[in-house]
Amino acid sequence: MTEPLIYELSSPGRKGVVMPEPDVPLAELPSDLLRADLPLPEVSEIDVVRHFVRLSQLNHAVDVGMYPLGSCTMKYNPKVNEVAVRLPGFAWTHPLQEPETVQGNLALLYELQEMLAEASGFAAVSLQPAAGAHGELTGVLIMRNYLYDRGQRQRTKILVPDSAHGTNPASTTMSGLTVVEVPSDARGNVDLAALKAALDETVVGLMLTNPNTLGLFDENVLDVTRLVHEAGGLVYGDGANFNAIVGICKPAELGFDVMHFNLHKTFSTPHGGGGPGAGPVGVTQELAAYLPGPIVALSETEEGSLCLPQMPSRSIGRIKSFWGNFGVLVRAYTYIRMHGAEGLRRNSEYAVLNANYLQARLKGTYPVPHGDRTCMHEFVAQGRIEGAEGIRTMDVAKRLIDFRFHPPTVYFPLIVPEALMIEPTETESKETLDAFVAALLKIAEEARTDPDLLHTAPHTAPVSRLDEVKAARELKLCAPCY
Ligand SMILES: Cc1ncc(COP(=O)(O)O)c(C=O)c1O
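A quick note: this is a predicted structure, and the numbers were derived from the prediction, not measured.

## Regarding the site of the ligand
Right, so step 1: Near the ligand there are 14 residues, and of these Ser-71, Gly-132, Ala-133, His-165 and Ala-240 occur at the shortest range.
Right, so step 2: Tallied by class, the residues present in the shell around the ligand amount to 4 nonpolar, 9 polar and 1 charged.

## So, the packing of helix H4 (residues 103-120) against helix H10 (residues 326-362)
Right, so step 1: At a closest axis distance of 10 Å, the pairing of H4 and H10 adopts a crossing angle of 60°. Taken together, the axis directions place H4 and H10 in an arrangement best described as oblique. The hand of the H4/H10 crossing is left-handed. For the pair H4 and H10, contact is made by Asn-105, Leu-108, Leu-109, Glu-111, Leu-112 and Met-115 and by Phe-326, Leu-329, Val-330, Ala-332, Tyr-333 and Ile-336, respectively.
Right, so step 2: Split by residue class, the contact of H4 with H10 holds 10 nonpolar, 1 polar and 1 charged.

## Observations regarding the environment of Met-19
Right, so step 1: Relative to the assigned elements, Met-19 resides in the segment before helix H1 (45-57).
Right, so step 2: Residue Met-19 is classed as exposed on the basis of its 6 C-beta neighbours within 10 Å.
Right, so step 3: Each C-alpha atom of the pair Met-19 and Asp-223 lies 71 Å from the other, and the pair is 204 residues apart in sequence.

## Notes on the sheet that holds strand E3 (residues 178-182)
Right, so step 1: Ordered by their spatial adjacency, 7 strands build an open sheet running E1-E7-E6-E5-E4-E2-E3, and the pairing between neighbours is mixed. At either margin of the open sheet sits one strand with a lone partner, and together these are strand E1 (124-126) and E3. Going from strand to strand, the sheet's axes swing by 25° on average, the running direction of each strand aside.
Right, so step 2: Where strand E2 (residues 157-161) and strand E4 (residues 203-209) come together, 3 bridges link them in parallel fashion. Bridging across to E4, Leu-159 finds its partner in Leu-206.

## Topic: the sheet that holds strand E11 (residues 409-410)
Right, so step 1: Here we have 3 strands laid out as an open sheet, ordered E10-E12-E11, and antiparallel in their pairing. Of all the strands in the sheet, just strand E10 (379-382) and E11 have a single pairing partner and so form its edges.
Right, so step 2: Looking at chain direction, E10 and strand E12 (residues 419-422) are connected through 4 bridges and run antiparallel. Each bridged residue has a counterpart across the sheet, and for Ala-381 the counterpart in E12 is Leu-420.

## Focus: the domain arrangement of the protein chain
Right, so step 1: Domains assigned within the protein chain are domain 1 (1-22 + 39-48), domain 2 (79-338) and domain 3 (347-473).
Right, so step 2: On a C-alpha basis, the centroid separation for the pair domain 1 and domain 3 is 42 Å.

## Digging into the pairing of E2
Right, so step 1: The buried fraction of E2 amounts to 5 of the 5 residues, a majority that puts the element mostly inside the structure.
Right, so step 2: Relative to E3, E2 runs parallel, the two sharing 5 bridges. The residue bridging Lys-157 from the neighbouring strand is Thr-178, located in E3.
Right, so step 3: A crossover links E2 with its parallel partner E3, the connecting element being helix H6 (residues 167-174), and its sense is right-handed.

## Examining the nonpolar core
Right, so step 1: Ile-142, Tyr-236, Val-258, Val-283, Leu-329 and Ala-332 are the most contacted members of the largest nonpolar core, which has 112 residues in total.
Right, so step 2: With 14 residues, H10 is the largest single contributor of residues to this core.
Right, so step 3: For this core, the two domains that each supply at least three residues are domain 2 (79-338) and domain 3 (347-473).
Right, so step 4: Excluding its chain neighbours within four sequence positions, the residues that come into contact with Leu-329 are Leu-109, Leu-112, Leu-127, Ala-278 and Gly-324.

## Overview of H6
Right, so step 1: Looking only at H6, the buried set comprises Thr-167, Asn-168, Ser-171 and Thr-172. For H6, the arc enclosing every buried residue in end-on projection is 135°, short of the 170-degree limit, so these residues lie on one face.
Right, so step 2: Looking at the buried residues of H6, the elements they touch are helix H5 (132-149), E2, E3, E4 and strand E5 (234-239).
Right, so step 3: Directly after H6, the chain includes Gly-176, whose backbone phi takes a positive value near 90°.

## Here's the deal with unusual backbone geometry
Right, so step 1: Residue Gly-293 is joined to Pro-294 through a cis peptide bond whose omega torsion reads 0°.
Right, so step 2: Following the sequence through the fold, Pro-294 ends up in the loop between strand E7 (281-283) and strand E8 (295-301).
Right, so step 3: The linkage connecting Phe-412 with the following residue, Pro-413, adopts the cis geometry, with an omega of 0°.
Right, so step 4: Structurally, Pro-413 can be placed in the loop between E11 and E12.

What counts and what doesn't
Residues numbered from 1 in each chain as written. Predicted model: local features only at pLDDT ≥ 70, side-chain atom pairs only at ≥ 80, totals over all residues. Near = placed C-beta within 6 Å. Nonpolar A, V, L, I, M, F, W, Y, C, P; charged D, E, K, R; others polar. Axes fitted to C-alpha atoms, helices over the stretch in contact; angles between N-to-C directions. Helix = DSSP H or I, 4+ residues; strand = E, 2+ residues; numbered from the N terminus. Parallel < 35°, antiparallel > 145°, perpendicular 65-115°, else oblique. Left-handed = near helix turned anticlockwise from the far one by under 90°. Contact = placed C-beta atoms within 7 Å. Buried ≥ 20, exposed ≤ 12 C-beta atoms within 10 Å, placed from the backbone. Pairing = 2+ DSSP bridges. Domains from an automatic or database assignment. Right-handed = clockwise from strand over helix to strand, strands pointing away. Core = buried A, V, L, I, M, F, W, Y, C linked by C-beta atoms within 7 Å. Arc of directions from axis to C-beta.

Shown next, in the form of structure tokens:
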């Protein structure tokens, strides 16, 4: 059934709000600001409520069902985070208030810096960057400036494995450096021979995602970081997959010099339609002076110990206004305090267990190129089904929507043809995982017996198969679409 649009419900004179009679004289309004005709819908309050509630129900969300979007860690956002961030002391402060008047807020930022440093093993953390990609740019600039300060201006290249997320080469290019791709080996690790061949005195460093986007912990990570250091370079850690290892191992101890944290992946803050987000960056002691500020430092003053802003001495500068995205930082802080160190470790263990359970149950039907290895919190299968040669990953993904599951990430990482990248996260129960497996097995059966059902899927969503490029390039926000 097609629901009426809000404009179609409009009836002349119908009101959602009754304004009180004015108790001041009416003023003449400037005529150039007035329009004779403003075609707003005239609707009652309940019409408006129903309209927006219906719109909210057209979308899939973690609060609606499983969202196994690999590499994106669509983690459940606990509601206690929202309670915390709405506390008046957080919600009603202004970013321009004097630090002495917002000591509680600054203490929270200070503690969050400390907790992230503790979990990762880094010496210092800046909470400024607004997303993972922003953290990458920050980290690469830190590495570059550090080496330039040491007279190494001939270093202009960043090595990026071929399994990396697209933001890695993008951040490198934005920082003015050149990307050199490093292949993966047959087991999905960085190819050590290729790495050695690429390392020389022109290399700033390597950007490494570990666990990588194949869902694999690099078995040679200690050799990788050692080789880069021996060549005089630095190692950037893309911490997007930190969710698999929190409380189990510390990236700094693996030899990483810099790493960003995606708070919306590992620490349960909302992904939020593009923002606001937060991608704090941790660094070793050697690089601490280069962090973007302000950092919150504990300072002894005449009034006692205060949390005060500090600009590191060789800072790359400001990369975000005020204190970063404070509301997001409060949510991450709440999540960390709610779980504690033990709980965070348990979450990582469950995330890995859930992914391995799915991998084990699905690999007989959907090929998993590295299925002989234990995966971390995600794994990469392929949308190729024996006996259904015309079926592609996109068909499987779209058909999953009819089973009320959000599709996994598709066609990424680029090195796996027909990639179907599955990340269940730690909060899904065994029942939900089993239902997801049952849906994928049923789809494989349909692929063999009724392939058109997949080619034309989804059948139950508000919109059916879209030309996704056209839909992104020619957004129609007003036309009826459901
Ligand atoms: C491996 C990896 N690196 C970096 C990013 C970029 O993070 P953000 O989306 O916060 O900019 C992502 C995002 O999905 C990712 O999966």
